[in-house]
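Report on the structure
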Amino acid sequence: QNAKTKGREIREILGLSSTDLLERIEARIQSIFRIEFNAVDKSFLDGGQAELRPEEGCLYYDQDLNSDPDKKIWMLAHELGHLEIHGARLFKHSNEPDPVYGSMYNLAGVNSLARYNKNSKEEVEANAFALELLCPSDEVFRLWKEDSSITAEKLARELGCPQIIVHTQLAEAL
């Protein structure tokens, strides 16, 4: 199942209402995946915004996100994408190392430089999932077509997502 379809499916489960969307995403992560949230200083994250550690049952995230709801909901939607799409691999407990995924975590050589790559397949899938979760392209396009005077700002409020995501999803729907 592709990431966009999964994002739309989970948004339907969570509901289209923007009311308490952030809290509903948090509740899904906690109840379905048994992940607890830990706000930490950004120095703990080596420059990132969040780090998901399913083996610890934790999602560490930059505490500064607590004061920026748009960035926080994006981060949580992205991390939920990893859990929903890549959960089987993330939660896999095996004594045998996976030579492909294991090589991503080498501490020397090219792999150490490319360990986190925002353009990797898994990151792109998590982003596609998050876009559709927060702002389903078919829904935002339908709303826009029904009312040609509606603004991206109003659509963002109705869907509970950052305005930039509305712009992205409207372009995708065209």
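Refer to the structure presented above.
Residues numbered from 1 in each chain as written. Predicted model: local features only at pLDDT ≥ 70, side-chain atom pairs only at ≥ 80, totals over all residues. Heavy atoms only, no water.

Along the backbone of the protein chain there are 9 helices and 3 strands. If you list the helices and strands of the protein chain from N to C, you get α-α-β-β-β-α-α-α-α-α-α-α. When contacts within the protein chain are restricted to residue pairs at least 6 apart in sequence, those whose partners lie at least 24 apart make up 56%. Accessible surface computed for the protein chain: about 10,100 Å², of which carbon and sulfur atoms make up 51%. (Helix = DSSP H or I, 4+ residues; strand = E, 2+ residues; numbered from the N terminus. Contact = heavy atoms within 4.5 Å. Areas by Shrake-Rupley, 256 points an atom, 1.4 Å probe, with all protein chains shown as cover.)

As paired strands, strand 2 (residues 50-53) and strand 3 (residues 58-62) are joined by 4 bridges and run antiparallel to one another. Bridge pairing in strand 3 links Arg-53 to Cys-58. Hairpin connection from strand 2 to strand 3: 4 residues lie between these consecutive antiparallel strands, with Gly-57 at a positive phi of about 70°. (Pairing = 2+ DSSP bridges.)

Glancing now at the packing of helix 7 (residues 137-146) against helix 9 (residues 163-173). Closest axis-to-axis distance for the helix 7/helix 9 pair is 8 Å, and the angle between their directions is 90°. Judged on the interaxial angle alone, helix 9 and helix 7 are roughly perpendicular. Of the residues in helix 9, those in contact with Ser-137, Val-140, Phe-141 and Trp-144 of helix 7 are Val-166, Gln-169, Leu-170, Glu-172 and Ala-173. Among the residues forming the contact of helix 7 with helix 9, the class breakdown is 6 nonpolar, 2 polar and 1 charged. (Axes fitted to C-alpha atoms, helices over the stretch in contact; angles between N-to-C directions. Parallel < 35°, antiparallel > 145°, perpendicular 65-115°, else oblique. Nonpolar A, V, L, I, M, F, W, Y, C, P; charged D, E, K, R; others polar.)

Bringing the packing of aromatic side chains into the picture now. Under the definition given, this model contains 2 aromatic pairs. Seen from their ring centres, Phe-44 and Tyr-60 are 4.9 Å apart, and the 55° between their planes marks the pair as tilted. Of this pair, Phe-44 sits in the loop between strand 1 (36-40) and strand 2 while Tyr-60 sits in strand 3; the two residues are 16 residues apart in sequence, bridging distant segments of the chain. A relative accessible area of 13% means that Tyr-60 is categorised as buried. Ring plane angle 35° and centroid distance 5.6 Å describe the contact between Phe-141 and Trp-144, whose orientation is recorded as tilted. Of this pair, Phe-141 and Trp-144 both sit in helix 7, separated by 3 residues, roughly a single helical turn. Owing to a relative accessible area of 22%, Phe-141 belongs among the partly exposed residues under this scheme. (Phe/Tyr/Trp six-rings, centres within 6.5 Å; stacked < 30°, edge-to-face > 60°. Buried < 20%, exposed > 50% of the residue type's maximum accessible area, 1.4 Å probe, protein only.)

Turning our eyes to something else, we now look at unusual backbone geometry. Positive phi values are uncommon outside glycine, yet Arg-34 reaches one of about 60°. Looking at the secondary structure, you find Arg-34 in the loop between helix 2 (21-33) and strand 1. Positive phi outside glycine occurs at Asp-46, with the angle close to 50°. By the secondary structure assignment, Asp-46 is in the loop between strand 1 and strand 2. Among the residues examined, Asp-46 registers a relative accessible area of 75% and is labelled exposed.

Soluble globular proteins tend to pack their nonpolar side chains together in the buried interior. Residues Ile-25, Ile-29, Leu-76, Leu-80, Leu-133, Leu-134 and Val-166 are the most contacted members of the largest nonpolar core, which totals 38 residues. Listing elements by their share of this core, those giving two or more residues are helix 1 (3-14), helix 2, strand 3, helix 3 (69-90), helix 6 (121-134), helix 7, helix 8 (152-159) and helix 9. Beyond its immediate chain neighbours, meaning those up to four positions away, Leu-134 contacts Arg-11, Leu-21, Ile-25, Ile-73, Trp-74, Ala-77, Leu-159, Cys-161 and Ile-165. (Core = buried A, V, L, I, M, F, W, Y, C linked by side-chain atoms within 4.5 Å.)

Further remarks concern the sheet that holds strand 3. Judged by pairing direction, the sheet is mixed, and its 3 strands sit side by side in the order 1-3-2 without closing on themselves. The strands lining the two open edges of the sheet, one partner per strand, are strand 1 and strand 2. Across this sheet, the average inter-strand angle for adjacent strands is 20°, counted without regard to direction. Running over the sheet, helix 3 touches strand 1, strand 2 and strand 3 and is turned about 30° from strand 2.

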